[in-house]
Amino acid sequence: MSSNSESLDTFDAIILGTGLSESILAAALSRVGYSVLHLDRNTYYGELESTHSLNGLLNYTENHAERLSPPHTTLSLDGDQFSISLPVNSAPSITNLSYVTYNITDEERSLYLRGIRERDASITKSSASPEVSSTVESQANSGTDNSQSLNSTVELEGDKEVEKTTADAELAHKDETKLNPVLQTCISLDQEHGVCEEHKLAYLTKKSNKFILDLTPKLLFSRSEMIELLITSDVARYCEFRSVSQILTLRNHKDIEMVPCSRADIFSTKSLSMIEKRILMKVLTLCMNYEEKKSEFEAFLDKPFVEFLKFHKLTPSLMGYILDAIAMVSPAASLLQGLERTQLFLKSIGRYGPTPFLWPLYGGEINQAFCRMSAVFGGTYILNRTVSDIIISKHTSQVTHIVCNEGKEIKCKWLIVNADYTRNILSGAEQVAPSRQISRAIVVTSGSLRNADGREETVLLSIPALDGASPPVTAIELGSSACVCPKDESNLRVVHLTTLSKGAAEDDLHEYVDLLFTRNEEENKPRMLLACYFNMPDYSEGGRLSPLHPTNLYITPGPDANINPDNSVLEAKRIFQELCPGAEFIPRPPNPEDIIYCDEQSKAQSPGESFAEEVSVNSSAATDQSAKEEDGQSQSDGSNNEYSSSTAQSDVVSHVTNQSDTCLESANQSPDDITKD
C-alpha cells in the first residue's frame, strides 16, 4: 500500500481505544501541547471498562457474538513497508456470556430477550434519528477555552437523548400488546410464576435507563495513584464518588461478618478474643511501618507473605482477614506484595470515610473525565471508527500511518493501542494475548446482603474460595445511592462478583451466587432477579508486537482482576515518560481567567511550546507562589497524612464534595492511625 505522506492528515499521537490507560495518556499528551486523535471502534467509551443500561447488557449477547467472530489478521510486505491488516468488525473480547433469571426456563428467557430486541427496534425506527451519536467528533479550538462550552454541549445533548428515549419507552409500554406480542407473552410468564410487580423482568427492563452496569467495576483506595492523579490534575472536578460503608468477609462459608481494619474496629469487635486482637494489632503495625523495620522481615524475603503471617502465629480466621479482605492477595503472593498492599489499605483508612475505598459514581465517568480534559486541550475524538491497517516502515521499523475502515489514511508520530485490539495480531509464531482470564458476574437482587431493613450502603465483601484451592471472590454490593439502579420499594441492588478464571464464568461463580442469594422468597437471603456471567482477558501488562517491534507503537494494559485501577495509571505514566522525558504528567490546568490567548502565529510553533506561552507572566508567578506555599505546608505538616493540610488539594476536594454525596469533607482529618497504641 503506497501513499503520498505529504497529503495525509497528521497527528502527533493516534490512540486506539478509550480504556482507562488510553484516556489518561490522551489527556497527558494533549495537556503538554501534542495533537491527539483518539479513536474507538465502539459507539461508547471505555472498551472493556464500559458501562451499559440493563437492556444494553441484555442485548449485548447477540450484537457481541456477531462482532466477535474469529478475526483474520494478515501481515503483508508492500515495497518498503509492512501492512498489518486488522479485523474491521471486531468487538471487546467478552466470552462465555450467559444469563440466569430466577426460576424461568431458558426458552422463556429467550422470549424475554427477543421481546426486548423487537421492542427497542420498533422504538428506534419510529423515533430515533439515523445520525444520533453513531459517530462523535469533538475538537477544541486552539485559541479559546472550550471547557465550559464542551461541558454544556455534552450535558445538554445527553439530557435530550435520555429524555427522548425515556419518553419513547414509556409510550411503548402503554400498549405493549399492539407494539410487541412477544413481550406481552413475557409479561404473562411473570404472572404465571406469581412474581411481584417490582421483581418482574419486564418491570426491570422498563427501568433500563436507571441501571448503570460496569463491565469492570473498580474501587479506589483513597491513597492510591488514581486518587492522587485526579487531585493533582484537577480532573476530579468532572467526577463524583461515594465512600464504601463496610468491608465484610464470609466466615465459615455462611456467616457474613465485618472485617476489623482500624484500631477502633479491632478492639470493639466481639468475634475476636483479646489474644487475637493483640496479635492482629502487632502484625498490622509491622506491615504499616515495614520500611522502618526491615530487620523483622529479613528471614522472609524469599518466602510468600503467608509464611510471615504463620510465623506470628495468626489463627486461620486472622489470616483470612489479612489475605482475603485487607491485602487481597493469594497465599502464593510474595512478602513485598503482601506488605505493600496491606500498607496501602491501612494508610487509606480515614481519609475520606471509615473505610479505605471510594466508589466512582456513574461507572465509566473516570475514563470520560480524562477524555474531556484531552478535548479541552485540543484532542479529537471519533467513536464508531475502526482501523483496517497499520503501516510500518521496513527501513525504520516504525509505524508511519494507519488506514481507517473507510480508506482514510492518517499519519502519526506515535501509535498507542489498547491491548484488546492486538489480541489476535499475528507476529510470526507469537501472538499478543493474555495469559489469564477473569470471571465476572453482575447480579440484580432485591434486598441487601447485610441490612435486612433496606438501609442504603455500599459494601465490599471478600469471599474465601469454597474449595480452599481456587482464587478468592470479591463482591461489591451497590444500591441506588451509588447511581447504579433505580430507587423503589423493592430495595434493588446490583452486586458485582469477580475472580480469576478456572473455566467459564458461570461454572466459576454460580456456587457463590447460590450461596449468597435465593431464587424464591422463602429463605432469609436477598432474592436474585437476574445474573449475567462472562469472561474477559486479564491484560495486566502491555507489550510490543514481535518480531517487528515498531519502536513508536505502544500497547497499553487493559483491566485486571484487582479492584484498584492503579496499574493502568502506572503504565500510562511509564509510557508518557518514555514519549516526553522530563515533562510533567498532567499538570493542573491554569485558571481560565489568567490565560492570555496568542495570535495565529503561535500555531506554527513546535508541539509543547505554544501552550506554555498562553499563560501570562502573572499566572506563572501565581502558580510558583502557590507551589511554594504548598511545599511549605507539606514540610511543616508532621502527621502521617501528607495531604491533610495541602491547600490546593483541599480546594479540589471541597469542589468535588459540593457536587456529590461522598464523605470527602473528612479529607482534612488525620486518618485512623493504626500504629498508635
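Everything that follows concerns the structure shown earlier in this document.
### A short note on the overall build of the chain
- Helices and strands together make up the secondary structure of the chain, namely 19 helices and 25 strands.
- By the burial criterion, 54% of the 677 residues in the chain qualify as buried.
- Of the accessible surface of the chain, which amounts to about 29700 Å², a share of 48% is contributed by carbon and sulfur atoms.

### A word on the pattern of salt bridges
- Tallying each qualifying case throughout the model produces 13 salt bridges.
- Here Arg574 makes a salt bridge to Glu571, at a shortest N to O gap of 3.0 Å. With a gap of 3 residues between them, Arg574 and Glu571 both fall in helix α16 (residues 566-579), about one helical turn apart.
- According to the relative accessible area criterion, Arg574 is partly exposed, its value standing at 40%.
- The salt bridge partner of Arg574 is Glu578, with a shortest N-O separation of 3.6 Å. Residue Arg574 and its partner Glu578 are located together in helix α16, separated by 4 residues, close to a single helical turn.
- Judged by its relative accessible area of 39%, Glu578 falls in the partly exposed class.

### Things to note about the sheet that holds strand β11 (residues 246-251)
- Reading across from one edge, β6-β24-β20-β23-β22-β21-β11-β12 is the order of the 8 strands in this open sheet, with mixed pairing throughout. If you trace the sheet from one side to the other, it starts and ends with β6 (95-100) and β12 (255-258), each paired once. Sheet twist, expressed as the mean angle between neighbouring strand axes with direction ignored, is 20°.
- Bridge count for strand β22 (residues 473-478) against strand β23 (residues 492-500) is 5 bridges, and the pairing is antiparallel. In the strand pairing of β23, Glu477 is matched with Val495.

### Structural notes on the packing of aromatic side chains
- Following the criterion strictly, the structure yields 9 aromatic pairs and no others.
- The interplanar angle of 50° and the centroid separation of 6.4 Å between the aromatic rings of Tyr45 and Tyr381 together place this pair among those described as tilted. Taken together, the positions of Tyr45 in the loop between β2 (36-39) and β3 (51-52) and Tyr381 in strand β14 (residues 380-382) put the pair 336 residues apart, joining distant regions of the chain.
- Overall, the relative accessible area of 1% leaves Tyr381 in the buried class.
- Both rings, one in Phe221 and one in Phe357, keep their centres 4.5 Å apart while their planes meet at 45°; by these two values the pair is tilted. Of the two residues, Phe221 is situated in strand β9 (residues 220-221) and Phe357 in strand β13 (residues 357-360); the sequence distance between them amounts to 136 residues. Note on accessibility: Phe221 and Phe357 belong to one class, buried.
- Members of the aromatic cluster, each reached through a chain of ring pairs, are Phe297, Phe300, Phe305, Phe308 and Phe311.
- Sitting over the face of the ring of Tyr421, Arg41 holds its NZ or CZ atom 4.1 Å from the ring centroid.
- Just above the ring of Tyr238 sits the side chain of Arg372; from NZ or CZ to the centre is 5.4 Å.

### What about the packing of helix α12 (residues 316-326) against helix α13 (residues 335-348)?
- Two numbers describe how α12 lies on α13: the axes approach to 10 Å, and their chain directions differ by 80°. By the angle class used here, α12 and α13 are roughly perpendicular. Contacts from Ile322, Ala325 and Ile326 of α12 reach α13 at Arg341, Thr342 and Phe345.
- Residue composition of the contact of α12 with α13, by class: 4 nonpolar, 1 polar and 1 charged.

### Observations regarding the sheet that holds strand β10 (residues 241-243)
- Taken together, 3 strands build an open sheet; the order of strands is β9-β13-β10 and the sheet is antiparallel. The strands lining the two open edges of the sheet, one partner per strand, are β9 and β10.
- In the sheet, β10 pairs with β13 via 3 bridges, with the strands oriented antiparallel. Its bridge partner lying in β13, Arg242 is registered against Trp359.

### Focus on the nonpolar core
- Membership of the largest hydrophobic core comes to 98 residues, with the highest contact counts inside it found for Ile14, Phe305, Phe308, Phe357 and Leu415.
- Phe357 has contacts with Leu219, Leu220, Phe221, Ser243, Val244, Ile247, Met328, Phe345, Leu460 and Ile563, leaving out every residue within four places of it along the chain.
- By size, the runner-up hydrophobic cluster in this structure holds 42 residues, among which are Ala28, Tyr34, Leu229 and Ile231.

### Quick look at helix α1 (residues 20-31)
- The end-to-end C-alpha distance of α1, which contains 12 residues, comes to 16 Å, matching closely the 16 Å that a straight helix rising 1.5 Å per residue would cover.
- Among the residues making up α1, those that are buried are Leu20, Ser21, Glu22, Ser23, Ile24, Leu25, Ala26, Ala27, Ala28, Leu29, Ser30 and Arg31.
- Where α1 ends, the next residue or the one after it, Gly33, has phi of about 105°, a positive value.

### Examining the environment of Ile575
- Summarising the element assignment, Ile575 is placed in helix α16.
- Along the chain, Ile575 and Ile555 lie 20 residues apart, while their C-alpha atoms are 9.3 Å from each other.
- Residue contacts for Ile575: discarding those within four places in its chain leaves Leu25, Tyr554 and Thr556.

### Focus: the environment of Ser568
- Take Ser568: it is sitting in helix α16.
- Beyond its immediate stretch of four places on either side in the chain, Ser568 contacts Leu20, Ser21, Glu49 and Gly558.

### Let's talk about unusual backbone geometry
- Unlike most non-glycine residues, Asn96 shows phi in positive territory, near 55°.
- Counting through the fold element by element, Asn96 comes out in strand β6.
- In this structure, Lys313 is a non-glycine residue whose phi angle is positive, near 60°.
- Checked against the element boundaries, Lys313 lands in the loop between α11 (305-311) and α12.

Rules used in this analysis
Residues numbered from 1 in each chain as written. Predicted model: local features only at pLDDT ≥ 70, side-chain atom pairs only at ≥ 80, totals over all residues. Heavy atoms only, no water. Helix = DSSP H or I, 4+ residues; strand = E, 2+ residues; numbered from the N terminus. Buried < 20%, exposed > 50% of the residue type's maximum accessible area, 1.4 Å probe, protein only. Areas by Shrake-Rupley, 256 points an atom, 1.4 Å probe, with all protein chains shown as cover. Salt bridge = Lys/Arg side-chain N within 4 Å of Asp/Glu carboxyl O. Pairing = 2+ DSSP bridges. Axes fitted to C-alpha atoms, helices over the stretch in contact; angles between N-to-C directions. Phe/Tyr/Trp six-rings, centres within 6.5 Å; stacked < 30°, edge-to-face > 60°. Lys NZ or Arg CZ within 6 Å of the ring centre and 35° of its normal. Parallel < 35°, antiparallel > 145°, perpendicular 65-115°, else oblique. Contact = heavy atoms within 4.5 Å. Nonpolar A, V, L, I, M, F, W, Y, C, P; charged D, E, K, R; others polar. Core = buried A, V, L, I, M, F, W, Y, C linked by side-chain atoms within 4.5 Å. Expected span 1.5 Å × (residues − 1).

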